[in-house]
Amino acid sequence: MTWWEALILGLVQGLTEFLPVSSSGHLEIGQALLGTAGEENLTFAIVVHTATVLATIVVFWNQIVDLFRGTFFTRTWNSEKQYVIKILLSMIPVFVIGMFFKDEVEAFFGNGLLLVGICLLITAALLALSEWLSKRRNTQGHEVTYKDAIIIGCAQAIAVLPGLSRSGTTIATGLLCGVKKEEVAKFSFLMVLIPILGEAFLSLLDVLKGEETTTLGLLPLVVGFIAAFVSGAFACRFMIEIVRRQQLIYFAIYCLIIGAVAIGCSL
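So, here's what we can say about the structure. (Residues numbered from 1 in each chain as written. Predicted model: local features only at pLDDT ≥ 70, side-chain atom pairs only at ≥ 80, totals over all residues. Heavy atoms only, no water.)

### Notes on the overall build of the chain
Working step 1: Helix and strand counts for the chain come out as 13 helices and 0 strands.
Working step 2: Within the span of the chain, comprising 267 residues, buried residues form 48% of the whole.
Working step 3: A separation threshold of at least 6 residues defines the contact pool for the chain, and within that pool the share at least 24 residues apart is 82%.
Working step 4: Of the roughly 13200 Å² of accessible surface on the chain, a fraction of 70% belongs to carbon and sulfur atoms. (Helix = DSSP H or I, 4+ residues; strand = E, 2+ residues; numbered from the N terminus. Buried < 20%, exposed > 50% of the residue type's maximum accessible area, 1.4 Å probe, protein only. Contact = heavy atoms within 4.5 Å. Areas by Shrake-Rupley, 256 points an atom, 1.4 Å probe, with all protein chains shown as cover.)

Now the structure itself:
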């Protein structure tokens, strides 16, 4: 992988991580078009995913600091502690998938464009359905409940499939549960911080132990990281506005088109 290929894929990852169009699916498509498919895909994916998580921390820095202070520096059972518990609950399903089905999940990354295309079509259907139902409701929605957190967490676990947008699936699921538009976007972005950072840490340990090696040079990894971080910070802020304005239908149409193209190219 050259540095300019890493730049393109990093930009793709950063922009699509927060937009409901599947970053993993677009990485698969981008790698196929650039001819880098199968070339240290997992290593590069972990690096750029970590970059987008750090971008999330920058965008939500004030909220994260408030949650930290409210959780560890007060003795009362406050809203910050409750919010952190909800985030921890949402992590349980993806933790189970990561611990017990890691090999099966990694096997999906390499099944080609057909699986990506099918999952993009599912993403399109979820986005369209959630926007339609949210517009039909007369209420403004409610705060994330413990039950909502578990359901959204299950959606996140299913969205490990390439082509099934994590942000799109979790946001759509939250909207279907009746959660406020502003709240579901923030919760969707915050709930992924620990799982992805944990995955990156475990992968780093594997490299240090010699269980995993990489032939990628330092330059492509650095370029990809920076590109994903900068574009991810922009996309994160942009997506919050998209959800607030109920404009998910445009991304549903986009996923429908790209999914159909991916399926067509795979046949």
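### Some words on the packing of aromatic side chains
Geometry of an aromatic ring pair is reported as the spacing of the ring centres plus the angle between the planes.
Working step 1: The tally for this structure, following the rule as stated, stands at 5 aromatic pairs.
Working step 2: Members of the aromatic cluster, each reached through a chain of ring pairs, are Phe-68, Phe-72 and Phe-73.
Working step 3: Lying over the aromatic face of Tyr-146, Lys-86 brings its terminal NZ or CZ to 5.4 Å of the ring centre. (Phe/Tyr/Trp six-rings, centres within 6.5 Å; stacked < 30°, edge-to-face > 60°. Lys NZ or Arg CZ within 6 Å of the ring centre and 35° of its normal.)

### Describing the pattern of salt bridges
Working step 1: Within the structure shown, the criterion is met by 3 salt bridges.
Working step 2: Across the pair Lys-180 and Glu-143 runs a salt bridge, and its minimum N-O distance is 3.1 Å. Here the residue Lys-180 occupies a position in the loop between helix H9 (166-176) and helix H10 (181-190), and Glu-143 occupies one in the loop between helix H7 (113-136) and helix H8 (146-158), the gap between them amounting to 37 residues.
Working step 3: Glu-143 sits in the partly exposed class, given a relative accessible area of 40%.
Working step 4: In this structure, Lys-186 and Glu-183 form a salt bridge, with 3.9 Å as the shortest nitrogen-oxygen distance. Of the two residues, Lys-186 and Glu-183 are both situated in helix H10; the distance of 3 residues between them amounts to about one turn of the helix. (Salt bridge = Lys/Arg side-chain N within 4 Å of Asp/Glu carboxyl O.)

### Remarks on the environment of Val-184
Working step 1: Mapped onto the elements, Val-184 comes out in helix H10.
Working step 2: Along the backbone, Val-184 and Val-144 are 40 residues apart, and their C-alpha atoms lie at a distance of 7.3 Å.
Working step 3: Beyond its immediate chain neighbours, meaning those up to four positions away, Val-184 contacts Thr-170, Ile-171, Gly-174, Leu-175, Val-179 and Val-243.

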